[in-house]
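In case you want the letters, here they are:
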Amino acid sequence: MAKIRGDIKVDIEKCKGCELCVVSCPQNALALSDGINKQGYHYAVLIEDVCTGCTNCSLVCPDAVITVYREDRKTGKKKPVAELRNVTGDIKIEVGAEEEEGN
Amino acid sequence: MQEIEHHYEDMDIVCERPTALLDKRMHYCPGCGHGVAHRIIMEAVEELGIQENTIGVAPVGCSVFAYHYMNVDMQEAAHGRATAVATGIKRCRPDKYVFTYQGDGDLAAIGTGETIHTVNRGENVLIVFINNAIYGMTGGQMAPTTLLEQKTSTTPYGREAPFMGNPLKITELLAQLPGAFYVTRQAVNTPLHVRRAKKAIVNGFKWQALNKGTCFVEIVSNCPTNWGMKPVESNKWLEEHMLPFYPLGDMKVPSKEELENG
Amino acid sequence: MGELRLMKGNEALAEAAIRAGMDAYFGYPITPQSEVLEYLTREAYKRTQCTILQAESEIASINMIYGASGAGARVMTSSSSPGISLMQEGISYIAGAELPCLLVNINRGGPGLGTIQPSQGDYFQSVKGGGHGDYRLIVLAPATVQEMADFVQDGWELAEKYRNPVMILSDGALGQMMEKVELREQIDRSKHVIPEWATTGKKKDRERNFITSLFIQPEEMEQVNLQLQAKYKTIVENEIRVQEVQTDDADFVIVAYGLSARIGRKVMELLRADGIKVGLIRPITLWPYPYETVSRAAERVKGFLSLELNAGQMVEDVRLAVNGRCPVEHYGRMGGIIPSPDEVADVIREMYSKIQ
Ligand SMILES: Cc1ncc(C[n+]2csc(CCOP(=O)(O)OP(=O)(O)O)c2C)c(N)n1
Ligand code: SF4
Ligand code: SF4
């Protein structure tokens, strides 16, 4: 099976070391740093290159400090960002209100 | 610790801080669910493209400074009065998306009257209710939603029904009111729950445009600081103690016809 | 000349609110002011499509006012004493967040549930605070049905000029009294200019607006307070309104506002017929208070009577202004009893004989 490549970037100075991302990672790719940031917190770091870009860590992060990257599974190429930006992926809003919105 | 080689350039961003959430360090305690709730609300606003038309109300509670983080027009409200403030705004600016963001003390104790009447009138606003079973801001006193036997600074031996009453399931109560259009209970303790909570919030905003009543999203959340737990432990406690009493899921969903005959 | 009508005070006030382009009214029934809400629910929406909402309580009303004013609307609530007491937290928030709005108190007797009869027992509450913190309301005291109507638009203009809540302090008798009133022209609501600080949705070309009265940093909170005080000083310098009646040659002055001032005028006539030269000072703004006017009179006259429908509240401000230069007494009745001019005249005769 082709490996799905993902990666994360942590905004270290805003991280409070709550560890919620660490336990949410199905790949066990995360840990808290040995060192501390300016606020005195151990911050989240990727410790193994096994990230799949599943977004779990980012979803549970209370401080919105984790950016998740992913490579397209099939082609290995970039996808239009707009297509990927929708975090929930499964939102289907069954309202006929498309026109009314954003007014 | 092993150094990981990053390859951001040849990948796409699939998840990042919404721009509607200002790029600031939030004052919440480490691991507090308020942060997740803030983020998903702002993601919803951003994705729906309604940032220019959204007005938020944050009353007293830990989230009183929500206006420091949410990049939309906002009003701070007196303790318990967020839904009255939201009513005032919505009645005068009916074409805007108005939401409140309230704690359990705010919404289900001091503000119970306003909450019930706002939903009963079916004000076209979104109410986001953060249930962390405790008073966070004032240092961990009993909330209306505090569980039986739960220890807080004012129930040092645990909450006992004969003396302190029972935990209030206000969401179930509100779902009975005809003015409620959409009532649901969600949580933010796992990735799956966060996804669902966000979907609920997106619906809550979106359905405001139908002018058919109040959308109410309860979010079961944690308060690691006043529960006296580490964040990871608090989410476990939430799963084991809160969710059995406050089961997740929709309590009132609009029918297909209601959604179509907008 | 505007349209002339014979109207009750409460209805004239409500009619004036519609004509002044009110965007929203939130209120809760209480005697003796329920006619305001009743009149508005009957008349307002169909004429100007403004919002009229009977709230679940005065607490809800005042917070709806906060929200609507914060969203840039021209808003009003009205109540009577117990209801106004219930609103105090919200009024303090409104003053702290510097939101313009019009509050109407059709004063009834207290304390407690008291009586539905007219009273001026809420003077302290209205002009000395009422709610928590260092704030001021601009307080207008009408004495006629005409003023009940006129002070609505005037009040909003002051409120909007200073971003400050304005209160019309009237009483049950004026609210129920029928008089001829000249009504102003209808203002077109759609022509209101929505202030740029209002929360109307963050447009791309501006920072987000937020309405708050919360300032955690001590320096910041002090700064906000200093700014408020500077604003109040400007109001004191520019907005005092007072009526003087025959004070030029007076040896004695009655100070009275609202309904009491009407009695005061009768008393004045009675005593002048007896040869006692009595004048009347009628504060129209109770805050800012016309201390100067009273003080100037204190240079010449022999004594003052503060005539109030309470146990003696405004008399404290009269004494402050007079500052010991001549005797200042209070006379008032309570419980909804309105003193007769003869009764008051006797009080002054008695007082006057001692200070001769
Ligand atoms: C009128 C009034 N009473 C009491 C308070 C004090 N107070 C501030 S926040 C709060 C409770 C907050 O709890 P909750 O609404 O559950 O929000 P949380 O802080 O848990 O997020 C209380 C009692 C207040 N600000 N105003
Ligand atoms: S994106 Fe998924 S796999 Fe990658 S670090 Fe986060 S949780 Fe782990
Ligand atoms: S006190 Fe509790 S609710 Fe408040 S920020 Fe801290 S963890 Fe969150």
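Residues numbered from 1 in each chain as written. Chains lettered and ligands numbered in written order. Predicted model: local features only at pLDDT ≥ 70, side-chain atom pairs only at ≥ 80, totals over all residues. Heavy atoms only, no water.

For chain B, the helix and strand inventory stands at 10 helices and eight strands. For 262 residues, the compact-globule formula gives about 18 Å, and the C-alpha radius of gyration of chain B, at 18 Å, lands near that figure. Reported as C-alpha extents along the three principal axes, the dimensions of chain B are approximately 60 × 55 × 35 Å. The burial tally for chain B puts 64% of its 262 residues in the buried class. (Helix = DSSP H or I, 4+ residues; strand = E, 2+ residues; numbered from the N terminus. Rg over C-alpha atoms; globule rule 2.2 N^0.38 Å. Buried < 20%, exposed > 50% of the residue type's maximum accessible area, 1.4 Å probe, protein only.)

This next bit is on helix H2 (residues 82-92) of chain B. Counted residue by residue, H2 of chain B has 10 buried out of 11 residues, so it is predominantly covered. Turning to H2 of chain B, its buried residues number three or more, namely Ala82, Thr83, Ala84, Val85, Ala86, Thr87, Gly88, Ile89, Lys90 and Cys92 of chain B.

Our next topic: the sheet that holds strand S12 (residues 252-255) of chain C. Residue and element names in this part refer to chain C. Spatially, S11-S13-S12-S15-S16 is the arrangement adopted by the five strands of the open sheet, whose pairing is mixed. One side of each edge strand has no neighbouring strand; the edge strands of this open sheet are strand S11 (242-245) and strand S16 (328-332). Within this sheet the neighbouring strands show an average axis-to-axis angle of 20 degrees, counted without direction. Bridge count between S12 and strand S15 (residues 303-308): four bridges; the pairing is parallel. In the sheet register, Phe252 faces S15, and the bridge partner there is Gly303. Running at roughly 160 degrees to S15, helix H13 (residues 341-355) makes contact with S12, S15 and S16 of the sheet. (Pairing = 2+ DSSP bridges. Axes fitted to C-alpha atoms, helices over the stretch in contact; angles between N-to-C directions. Contact = heavy atoms within 4.5 Å.)

Each partner contributes residues to the interface: chain C has 36 residues there, and chain B has 37 residues. Three residues, Glu56, Lys202 and Arg208 of chain C, lead the burial of chain C against chain B; their summed loss comes to 22% of the area buried on that side. Summed over the shared surface of chain C and chain B, the number is three salt bridges. A salt bridge links Glu56 of chain C to Arg121 of chain B; the nearest nitrogen and oxygen atoms lie 2.8 Å apart. Run the count over chain C and chain B and you get 18 residue pairs in polar contact (both at pLDDT 80 or more). Residue assignment for the side of chain C that touches chain B shows that the elements contributing at least two residues are strand S2 (24-27), strand S3 (51-54), helix H3 (58-70), helix H5 (88-96) and strand S10 (210-211) of chain C. Ranked by residues supplied to the side of chain C that touches chain B, first place goes to H3 of chain C with eight residues. (Buried area = accessible area lost by both parts, 1.4 Å probe. Salt bridge = Lys/Arg side-chain N within 4 Å of Asp/Glu carboxyl O. Polar contact = N/O pair within 3.5 Å; in protein donor to acceptor, adjacent residues only side chain to side chain.)

So, on to the interface of chain A and chain B. The interface is formed by 61 residues belonging to chain A together with 56 residues belonging to chain B. Carbon and sulfur atoms make up 56% of the surface buried where chain A meets chain B, a total of about 5300 Å² over both sides. Taken together, the links from chain A to chain B amount to two salt bridges. The partner of Asp23 of chain B in a salt bridge is Lys14 of chain A, with the nearest N and O atoms 2.5 Å apart.

With that settled, consider the site of ligand 3. Residue and element names in this part refer to chain B. Every residue lining ligand 3 is accounted for by Tyr28, Cys29, Cys32, His34, Cys62, Asn132, Gly136, Cys223, Pro224, Thr225 and Asn226. Top element by residues in the shell around ligand 3 is helix H8 (residues 224-227). It accounts for three residues. Here the shell around ligand 3 is composed, by residue class, of six nonpolar, five polar and no charged. (Near = heavy atom within 4 Å. Nonpolar A, V, L, I, M, F, W, Y, C, P; charged D, E, K, R; others polar.)

This part is about the packing of aromatic side chains. Think of a pair of aromatic rings as described by two things: how far the centres are apart, and how the planes are tilted against each other in angle. Residues and elements named next belong to chain B. In the structure shown here, the tally under the stated rule is 16 aromatic pairs over all chains. Plain terms: the ring middles of Phe99 and Phe205 are 5.6 Å apart, the flat faces sit at 75 degrees to each other, and that makes the pair edge-to-face. Of this pair, Phe99 sits in strand S4 (residues 97-103) while Phe205 sits in helix H7 (residues 191-206); the two residues are 106 residues apart in sequence, bridging distant segments of the chain. Aromatic side chains Phe129 and Phe216 sit 5.9 Å apart centroid to centroid with 50 degrees between the ring planes, which places their arrangement in the tilted category. A residue pair is termed long-range when its members are at least 10 positions apart, and Phe129 in strand S5 (residues 126-131) and Phe216 in strand S7 (residues 214-220) qualify at 87 residues. (Phe/Tyr/Trp six-rings, centres within 6.5 Å; stacked < 30°, edge-to-face > 60°.)

As a further point, take helix H7 (residues 145-162) of chain C. Residues and elements named next belong to chain C. Here H7 is 18 residues long and its end C-alpha atoms lie 26 Å apart, about the 26 Å a rise of 1.5 Å per residue gives. Maximal helix bending in H7 amounts to about 30 degrees, located at Phe151. Burial analysis of H7 places 14 of its 18 residues in the buried class, which makes it a mostly covered element. Where H7 ends, the next residue or the one after it, Arg163, has phi of about 50 degrees, a positive value. (Expected span 1.5 Å × (residues − 1). Bend = angle between axes of the 7 residues up to and from the residue.)

The next thing to look at is the nonpolar core. Of all hydrophobic cores here, the largest spans 123 residues; its most connected members are Met22, Leu40, Met76, Val152, Phe304 and Val318 of chain C. The element contributing the most residues to this core is H7 of chain C, with nine residues. In this structure, this core is formed jointly by two domains, domain 1 (3-201 + 226-238) and domain 2 (243-354) of chain C, each of which donates at least three residues. Apart from the residues within four sequence positions on either side, Met22 of chain C is in contact with Ala17, Leu40, Thr48, Cys50, Ile52, Arg74, Met76, Trp156 and Arg189 of chain C. Leu20 of chain A together with Cys32, Ile41 and Phe99 of chain B belong to the second largest nonpolar core, which has 50 residues in total. (Core = buried A, V, L, I, M, F, W, Y, C linked by side-chain atoms within 4.5 Å. Domains from an automatic or database assignment.)

Here we take up the site of ligand 1. His34, Cys62, Asp104, Asp106 and Gly136 of chain B are the nearest of the 17 residues found near ligand 1. Looking at the residues close to ligand 1, they fall on chains B and C. For ligand 1, an oxygen atom lies 2.8 Å from a polar atom in the backbone of Cys62 of chain B. Note that an oxygen atom of ligand 1 is positioned 3.2 Å from one of the backbone N or O atoms of Ile134 of chain B.

Time to look at the pattern of salt bridges. All chains considered together, the criterion is met by 44 salt bridges over all chains. Residue Arg17 of chain B pairs with Asp23 of chain B through a salt bridge whose shortest N-O separation is 3.9 Å. Notably, a salt bridge pairs Arg349 of chain C with Asp274 of chain C, separated by 2.9 Å at the nearest N-O pair. Note that Arg349 of chain C is positioned in helix H13 and Asp274 of chain C in the loop between helix H10 (258-273) and strand S13 (278-283), a separation of 75 residues in sequence.

On to the confidence of the model for chain C. On average, chain C scores 97 in pLDDT, and the residues at 70 or more come to 100%. On the interface metric, ipTM, the complex scores 0.96, and its pTM is 0.94. (pLDDT = per-residue confidence, 0-100.)

To continue, consider the domain arrangement of chain C. Residues and elements named next belong to chain C. In terms of domain boundaries, chain C breaks down into domain 1 (3-201 + 226-238) and domain 2 (243-354). Relative placement of domain 1 and domain 2: their C-alpha centres are 27 Å apart. Domain 1 puts 31 residues into the contact, and the matching count from domain 2 is 26 residues. Summed over the three residues of domain 1 that lose the most area to domain 2, namely Gln120, Tyr123 and Phe124, the buried surface amounts to 32% of that side. Among the salt bridges present, the one from Glu179 reaches Arg262, with a minimum N-O distance of 2.5 Å. Taken together, the connections running from domain 1 to domain 2 amount to 15 residue pairs in polar contact (both at pLDDT 80 or more).

Now for the side chain of Thr48 of chain C. Residues and elements named next belong to chain C. With respect to the secondary-structure elements, Thr48 resides in helix H2 (residues 34-48). Given the relative accessible area of 12%, Thr48 is considered buried. Apart from residues no more than four positions distant in its own chain, Thr48 is found in contact with Ile18, Met22, Gln186 and Arg189.

A few words on the side chain of Ser58 of chain A. Note that Ser58 of chain A resides in helix H2 (residues 56-60). Excluding residues that lie within four positions of it along the chain, Ser58 of chain A makes contacts with Ile66 and Val68 of chain A together with Cys15 and Arg39 of chain B.

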